[in-house]
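Okay, here's what each chain looks like letter by letter:
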Amino acid sequence: FFFQAEDGIRDKLVTGVQTCALPIYFVGGPDSPSSTANQQITISGNAADIDAGRLNFTVTGYFGGFDGQDDRASLSVTFRDVDGNNLKSISIGNVNSSDRNGNNGLQGRTLTDTVPVRTRSVLFVLTMQRLVGPYNDAAADSMTFVLSQR
């Protein structure tokens, strides 16, 4: 996943942040009814802004699949407190065949909201679900998570 923060916010990040300058394409794969990838980042260096309700997040990505099949990918984002308790979860993606007019391809999805108070880490789980055929054709690309001041 590509993690980005506005100037000044990135300087407060502590651990677990990995960045990538190129889009990374994910597909479910052969003989796989469900495939997942996950990553957790720590944003505890932003605790003061988070707890004051001053940080927003935007999560984006391109999701889709093959032809008229409804295999689908989704990205869940779970905000956790210092003890690892889940505070809030959101999900984007789930682009089905009708969303793509029965064609191959990916469609962009975006969600913006406020980072929940007490958040110290964020868990990302990409799930690619096969619904039709022997090959998991769910696909995802160019997923980003951006923190910004409110």
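About the criteria used
- Throughout, a residue's number is its position along its own chain's written sequence, starting from 1.
- Under the rules for a predicted model, residues below a pLDDT of 70 receive no local features and side-chain atom pairs below 80 are neither given nor counted, while totals for whole chains, interfaces and linings still include all residues.
- Remark: hydrogens and water are excluded; side-chain values derive from all non-hydrogen atoms of the structure.
- Pairing of aromatic rings covers Phe, Tyr and Trp, the last counted by its six-membered ring, and requires centre-to-centre distances within 6.5 Å; plane angles under 30 degrees mean stacked, over 60 mean edge-to-face, and any other angle means tilted.
- A run of H or I in DSSP becomes a helix once it reaches four residues, and a run of E becomes a strand once it reaches two; helices and strands are each numbered from the N terminus.
- Working definition: with a 1.4 Å probe on protein chains only, accessible area under 20% of the residue-type maximum means buried, over 50% means exposed, and in between means partly exposed.
- Here, a strand pair is defined by DSSP locating no fewer than two bridges between the strands.
- By salt bridge we mean one thing: a side-chain nitrogen of Lys or Arg within 4 Å of a carboxyl oxygen of Asp or Glu.

A. Representation of the packing of aromatic side chains within the structure. Taken as a whole and assessed by the stated rule, the structure comprises four aromatic pairs. Considering the side-chain rings of Phe79 and Phe145, the 6.3 Å spacing of their centres and the 45 degrees angle between planes classify their relative orientation as tilted. With Phe79 in strand S5 (residues 72-80) and Phe145 in strand S9 (residues 135-149), this pair connects stretches of sequence that are 66 residues apart. Residue class for Phe145 comes out buried when judged on its relative accessible area of 2%. With a centroid separation of 5.0 Å and an interplanar angle of 75 degrees, the aromatic rings of Phe124 and Phe145 are classed as edge-to-face.

B. Representation of the pairing of strand S8 (residues 121-129). Bridge count between strand S3 (residues 34-42) and S8: nine bridges; the pairing is antiparallel. From the neighbouring strand, Ile41 faces S8, where its bridge partner is Val122. The sheet contact formed by S5 and S8 spans nine bridges and is antiparallel. Bridge pairing in S8 links Ser74 to Thr127.

C. View of unusual backbone geometry. Phi at Asn94 is positive, roughly 55 degrees, even though this residue is not glycine. Its place among the elements puts Asn94 in the loop between strand S6 (86-93) and strand S7 (105-114). Even without glycine at this site, Arg118 takes up a positive phi of about 80 degrees. Topologically, Arg118 is positioned in the loop between S7 and S8.

D. View of the pattern of salt bridges. Applying the stated rule across the entire model yields four salt bridges. The salt bridge partner of Asp49 is Arg54, with a shortest N-O separation of 2.8 Å. For Arg54, a relative accessible area of 38% translates into the label partly exposed. For Asp99, the salt bridge identified is with Arg109, shortest N-O distance 3.9 Å. Separated by ten residues along the polypeptide, Asp99 in the loop between S6 and S7 and Arg109 in strand S7 bring together distant segments of the chain. Exposure remark for Asp99: the relative accessible area of 31% places this residue in the partly exposed category.

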